[in-house]
Amino acid sequence: MQIFGVDIGGSGIKGAPVDLDRGDLAQERCKVLTPHPATPDGVADGVKQVVDHFGWTGPVGLTFPGVVTGGATIRTAANVDSSWIDTDARALFGERLGGLPVTVVNDADAAGVAEMQFGAGKGRKGTVILLTFGTGIGSAVFIDGALVPNTELGHLELDGHEAEKRASSKVKDDRDLSWEQWARRVQKYLAHVEMLFSPELFVIGGGVSRKSHKFLPLIEGVRAEIVPAQLQNNAGIVGAAMRAAQGA
């Protein structure tokens, strides 16, 4: 079975048909740059471009980098334009895609669902926390496999600032931090999250997960197991498609 998944991020909008039996992309993904400012109309145009690239005419699952309530309404917009707040994203994308059935889910929640079903969290019980490091820091918390939605742990305070303003991969790039310097920031953040939630497992996702060998071995003093996301930066696309399949 194939369903289309789209992952909307602060820097890019990427999507592809997903093979839900394998938990992997059925075709090479298409990516366009996220417009700046990332307004609802601009992002919807980017999503349409990605979906139209494949000539897709079935259900579409989309991630969003913020809190999504009721599978439709946007409540926060930290790394996109503030005009997203209170937008009915399901109606917006459905209209822009010509009436295709649309499901909208928080981006990290989507990545987490995919990793728990097909990736690093498969079969794991207890508390598992997926953290995506990108333009910001997204989070997905699972207790015995059940998702606690919209946790947004990237906005925890760290050193007097939001954590994602100190330890996202964008901060590493913007401040030209070495892997060692950035790993110390990630370590401090993980220790803080561990103090609050005592997880058995951290899964580290986002685009930086494909370079996990450069920073994960540098992290010390965290008792939980720390592993890279197996689906890497495709996890959001896969998870979005999974949610759309459930809706269909």
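As a starting point, this report considers the structure included with it.

The rules behind each value
Residues numbered from 1 in each chain as written. Predicted model: local features only at pLDDT ≥ 70, side-chain atom pairs only at ≥ 80, totals over all residues. Heavy atoms only, no water. Patch = residues over 30% accessible without salt bridge, like charges linked within 9 Å, V, L, I, M, F, W, Y side chains within 5 Å. Areas by Shrake-Rupley, 256 points an atom, 1.4 Å probe, with all protein chains shown as cover. Salt bridge = Lys/Arg side-chain N within 4 Å of Asp/Glu carboxyl O. Helix = DSSP H or I, 4+ residues; strand = E, 2+ residues; numbered from the N terminus. Buried < 20%, exposed > 50% of the residue type's maximum accessible area, 1.4 Å probe, protein only. Core = buried A, V, L, I, M, F, W, Y, C linked by side-chain atoms within 4.5 Å. Contact = heavy atoms within 4.5 Å. Expected span 1.5 Å × (residues − 1).

Quick notes on a nonpolar patch on the surface
(1) Moving on: A surface patch of nonpolar side chains, about 290 Å² in accessible area, is lined by M195, L196 and F197.
(2) Moving on: When you line up the elements, M195 lands in helix α6 (residues 179-197).
(3) Moving on: Overall, M195 belongs to the exposed group, its relative accessible area being 54%.

Focus on the pattern of salt bridges
(1) Moving on: What the rule picks out here adds up to 12 salt bridges.
(2) Moving on: A salt bridge links D24 to R22; the shortest N-O distance between them is 3.6 Å.
(3) Moving on: Judged by its relative accessible area of 34%, D24 is partly exposed.
(4) Moving on: You can call R22 partly exposed: its relative accessible area is 47%.
(5) Moving on: Between D159 and R166 there is a salt bridge; the shortest N-O distance is 3.5 Å.
(6) Moving on: Judged by its relative accessible area of 41%, D159 is partly exposed.
(7) Moving on: Via salt bridges that share partners, D41, D45, E95 and R96 belong to a single interconnected network.

Re the nonpolar core
(1) Moving on: Counting 54 residues, the largest nonpolar core has V6, V47, V51, V60, W84 and F93 as the members making the most contacts within it.
(2) Moving on: Broken down by element, this core gets its largest block of residues, six residues, from helix α7 (residues 235-247).
(3) Moving on: For V47, the residues in contact, after removing those within four places along its chain, are V6, I8, I13, L62, F93 and L97.
(4) Moving on: Listed in part, the 26 residues of the second largest apolar core include I137, A183, V186 and V208.

Overview of α7
(1) Moving on: The end-to-end C-alpha distance of α7 is 18 Å, a good match for the 18 Å that 13 residues give at a rise of 1.5 Å each.
(2) Moving on: Restricting attention to buried positions, one finds in α7 the residues A235, G236, I237, V238, G239, A240, A241, M242 and A244.
(3) Moving on: Each element contacted by the buried residues of α7 is listed here: β1 (2-8), β2 (12-19), β3 (24-25), β5 (60-64), β8 (102-106) and α3 (107-118).

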